[in-house]
Amino acid sequence: MIFSKELLNKFELIETPFYFYDLGLLKKTLDILNRESVKRKFKVHYALKANSNNKILKTILGYGLGADCVSGNEVELAVKSGFKNTQIVFAGVGKTDIEIKTAINHKIFCFNVESLQEMEVINLIASSIDQTANIALRINPNINANTHHYITTGLEENKFGINASELAQVIDKLNSFKNLKLIGLHFHIGSQITYLNVFKELCIRINELQKWFADHHIHIDHINAGGGLGVNYEKPDENLIPNFKIFFEIFEKFFETVPGQSLHFEIGRAIVAQCGSLISKVLYVKEGVNTNFVILDAGMTELIRPALYQAYHKVENLSSSGQQKKYDVVGPICETSDTFVKSVQLPETKRGDLFVIRSTGAYGEVMSSGYNLRTKVKSYYSDEL
Ligand SMILES: *Cc1c(COP(=O)(O)O)cnc(C)c1O
């Protein structure tokens, strides 16, 4: 049981479904992240898209992290929340003119540019307001992240980044873009990566590309290796804090630093996933032909990851300690994919039991929707209950 009896009693009084965030765990995670990154002089930007709730951002801000944004509104929110503009990076294949202008006006650290045409547009907008924009080239390293194909981003068949074969042309063009300054190279190969050898492959690929730039006498100030470190959804209690040490050690060991160059990361999921829980009540228990259905009051509108990426989240009954039975745990939405888990053993369940869906701090609440005219899901924090 992850929650104290006292906390459970409080949960009973709150209207479900809701998200609960353990800020103590978030802080412990950030402590270890900082310990392992600072001593190696690695710079970490928090990927806001994983969870942009005010309290979460404020907590993360307290640890001095930078911000990784993928929209103009995220850039605005990062600035408004107190992230230093000189620590904000902005990625995304489809930045609009307004978003680009917003970010230039905030004088952010760096645009991670994803195509030659985007470079042209940023240069044009920057010159129209008499500014210079710092850019990093997002290079598609053609590495398979061995994760779900919907969250694989570093293969040539994916829409992200500039292919290595285009580099000569891009550099050639860059000389004519007077309002752009090339300061870095950016990579982000996917999310929920648990096969860590992939990051070693990434280091080796970056080293090769660095040689190309050295051969062309182009100095690169920083390398941004992206994010993607996975978390343990199967056994959250045994792995509440991801192994940042092993992750950073791989880069320490295999990434060949060029003198004067800094190494950056953009981490989202690994920071916030485990501190979030989706709390829900059982509406009905229905006997099926081969299985029994537990119908929760939370569904894909509160947590879409199972429906969208066939993602697994551990589901626990917080109210019952009865005999184990086999259930499919589903939501109330009119879609068959609105299923959290199938054929799971749970204690005998009845209407009104409180359930928790674990590890939902990342890409949970931020992806919630109003489909079926559902009420916007609420959130509560450990420091206020
Ligand atoms: C989503 C994203 C991240 C964060 O990925 P995680 O898997 O949550 O660490 C980092 N960089 C870019 C460019 C992203 O799109």
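Residues numbered from 1 in each chain as written. Predicted model: local features only at pLDDT ≥ 70, side-chain atom pairs only at ≥ 80, totals over all residues. Heavy atoms only, no water.

Draft legend 1. Seen up close, the domain arrangement of the protein. Domain annotation of the protein identifies domain 1 (5-18 + 274-381) and domain 2 (23-272). The distance between the C-alpha centroids of domain 1 and domain 2 comes to 33 Å. Opposite the 19 residues of domain 1 that make contact, domain 2 presents 24 residues. Summed over both sides, the interface between domain 1 and domain 2 buries roughly 2,100 Å², with carbon and sulfur atoms accounting for 56% of that surface. Sorting the residues of domain 1 by area buried against domain 2 places Gln274, Tyr363 and Tyr381 first, and these three jointly supply 36% of that buried surface. Where arginine 358 meets aspartate 237, a salt bridge forms, and the shortest distance between an N and an O atom there is 2.9 Å. (Domains from an automatic or database assignment. Contact = heavy atoms within 4.5 Å. Buried area = accessible area lost by both parts, 1.4 Å probe. Salt bridge = Lys/Arg side-chain N within 4 Å of Asp/Glu carboxyl O.)

Draft legend 2. Quick peek at the site of the ligand. By nearness alone, 15 residues border the ligand, and Lys49, Ser191, Glu266, Arg269 and Tyr363 come closest of all. Take serine 191: an N or O atom from its side chain is 2.3 Å from an oxygen atom of the ligand. In this structure, an oxygen atom belonging to the ligand sits 3.0 Å away from a main-chain N or O atom of glycine 228. Across the complex, the protein chains shield 94% of the 390 Å² of accessible surface that the ligand would expose by itself. Residue composition of the shell around the ligand, grouped by class: four nonpolar, six polar and five charged. (Near = heavy atom within 4 Å. Polar contact = N/O pair within 3.5 Å; in protein donor to acceptor, adjacent residues only side chain to side chain. Areas by Shrake-Rupley, 256 points an atom, 1.4 Å probe, with all protein chains shown as cover. Nonpolar A, V, L, I, M, F, W, Y, C, P; charged D, E, K, R; others polar.)

Draft legend 3. Main features of the packing of aromatic side chains. What the rule picks out here adds up to 18 aromatic pairs. Aromatic pair phenylalanine 251 and phenylalanine 265: ring centres 4.8 Å apart, planes at 85°, arrangement edge-to-face. Taken together, the residues span a long stretch of sequence, with phenylalanine 251 in helix 9 (residues 244-254) and phenylalanine 265 in strand 10 (residues 262-267) at a distance of 14 residues. Note on phenylalanine 251: relative accessible area 1%, which makes it buried. Residue classification places phenylalanine 265 among the buried residues on the basis of a relative accessible area of 0%. One aromatic cluster is present, built from ring pairs that chain together Phe42, Phe199, Phe247, Phe248, Phe251 and Phe265. (Phe/Tyr/Trp six-rings, centres within 6.5 Å; stacked < 30°, edge-to-face > 60°. Helix = DSSP H or I, 4+ residues; strand = E, 2+ residues; numbered from the N terminus. Buried < 20%, exposed > 50% of the residue type's maximum accessible area, 1.4 Å probe, protein only.)

Draft legend 4. Inspection of the nonpolar core at higher detail. Tyr46, Ile56, Phe111, Met119, Leu137, Ile271 and Val329 are the most contacted members of the largest nonpolar core, which has 98 residues in total. Ranked by residues supplied to this core, first place goes to helix 8 (residues 197-215) with seven residues. Here this core gathers at least three residues from each of two domains, domain 1 (5-18 + 274-381) and domain 2 (23-272). Residue contacts for isoleucine 271: discarding those within four places in its chain leaves Leu26, Thr29, Leu30, Leu33, Tyr46, Ile60 and Leu65. Ranked by size, the runner-up nonpolar core spans 11 residues in total, among them Phe3, Leu8, Phe18 and Phe20. (Core = buried A, V, L, I, M, F, W, Y, C linked by side-chain atoms within 4.5 Å.)

Draft legend 5. Geometry of the pairing of strand 10. With five of its six residues buried, strand 10 lies for the most part within the structure. Of the strand pairs in this sheet, strand 2 (residues 43-47) and strand 10 are connected by four bridges, and their pairing is parallel. By the bridge assignment, tyrosine 46 is partnered in strand 10 with isoleucine 267. Taken together, the three bridges between strand 9 (residues 222-224) and strand 10 define a ladder with parallel strand orientation. For isoleucine 223, the partnering residue across the bridge sits in strand 10 and is leucine 263. In this fold, strand 9 hands off to helix 9, which returns the chain to strand 10; that crossover is right-handed. (Pairing = 2+ DSSP bridges. Right-handed = clockwise from strand over helix to strand, strands pointing away.)

Draft legend 6. Representation of the pattern of salt bridges in the model. Across all of its chains, the model carries 19 salt bridges by this definition. Close ionic contact of glutamate 249 with lysine 245 constitutes a salt bridge, the shortest N to O distance being 3.1 Å. Separated by four residues within a single helix, glutamate 249 and lysine 245 lie in helix 9, roughly one turn from each other. Linked by salt bridges that have partners in common, Arg35, Glu36, Lys39, Arg40, Lys245, Glu249 and Glu252 make up one network.

Draft legend 7. Examining the packing of helix 2 (residues 23-38) against helix 3 (residues 54-61) more closely. The N-to-C vectors of helix 2 and helix 3 enclose an angle of 30°; their axes lie 10 Å apart at closest approach. Where helix 2 crosses over helix 3, the handedness of that crossing is right-handed. Where helix 2 abuts helix 3, its residues Leu23, Leu26, Lys27 and Leu30 lie against Lys55, Ile56, Thr59 and Ile60. Within the contact of helix 2 with helix 3, the residues separate by chemical class into five nonpolar, one polar and two charged. (Axes fitted to C-alpha atoms, helices over the stretch in contact; angles between N-to-C directions. Left-handed = near helix turned anticlockwise from the far one by under 90°.)

Draft legend 8. Region of interest: helix 6 (residues 116-128). Helix length check: helix 6, at 13 residues, gives a terminal C-alpha distance of 19 Å against a target of 18 Å (1.5 Å per residue), a fit within 8%. Within helix 6, the full set of buried residues consists of Leu116, Glu118, Met119, Ile122, Asn123, Ile125 and Ala126. Those residues of helix 6 hidden inside the fold are in contact with helix 5 (97-105), strand 5 (110-113), strand 6 (133-140), helix 7 (167-174) and strand 8 (180-186). Of the residues one or two after helix 6, aspartate 130 is the one with positive phi, at around 60°. (Expected span 1.5 Å × (residues − 1).)

Draft legend 9. Quick peek at the pairing of strand 6. Most of strand 6 sits out of view: seven of its eight residues are buried. Examined bridge by bridge, strand 5 and strand 6 share three bridges and lie parallel to one another. Residue pairing for strand 6: valine 113 is matched across the bridge by leucine 137. In this fold, the crossover linking strand 5 to strand 6 by way of helix 6 has right-handed handedness.

Draft legend 10. Summary view of the packing of helix 5 against helix 6. Packing of helix 5 against helix 6 leaves a shortest axis separation of 10 Å and a crossing angle of 55°. One finds that helix 5 runs oblique with respect to helix 6. Helix 6 is crossed by helix 5, and the crossing has right-handed handedness. Note on element contacts: helix 6 touches helix 5 through Val121, Ile122, Ile125 and Ala126, opposite Asp97, Ile100, Lys101 and Ile104. (Parallel < 35°, antiparallel > 145°, perpendicular 65-115°, else oblique.)

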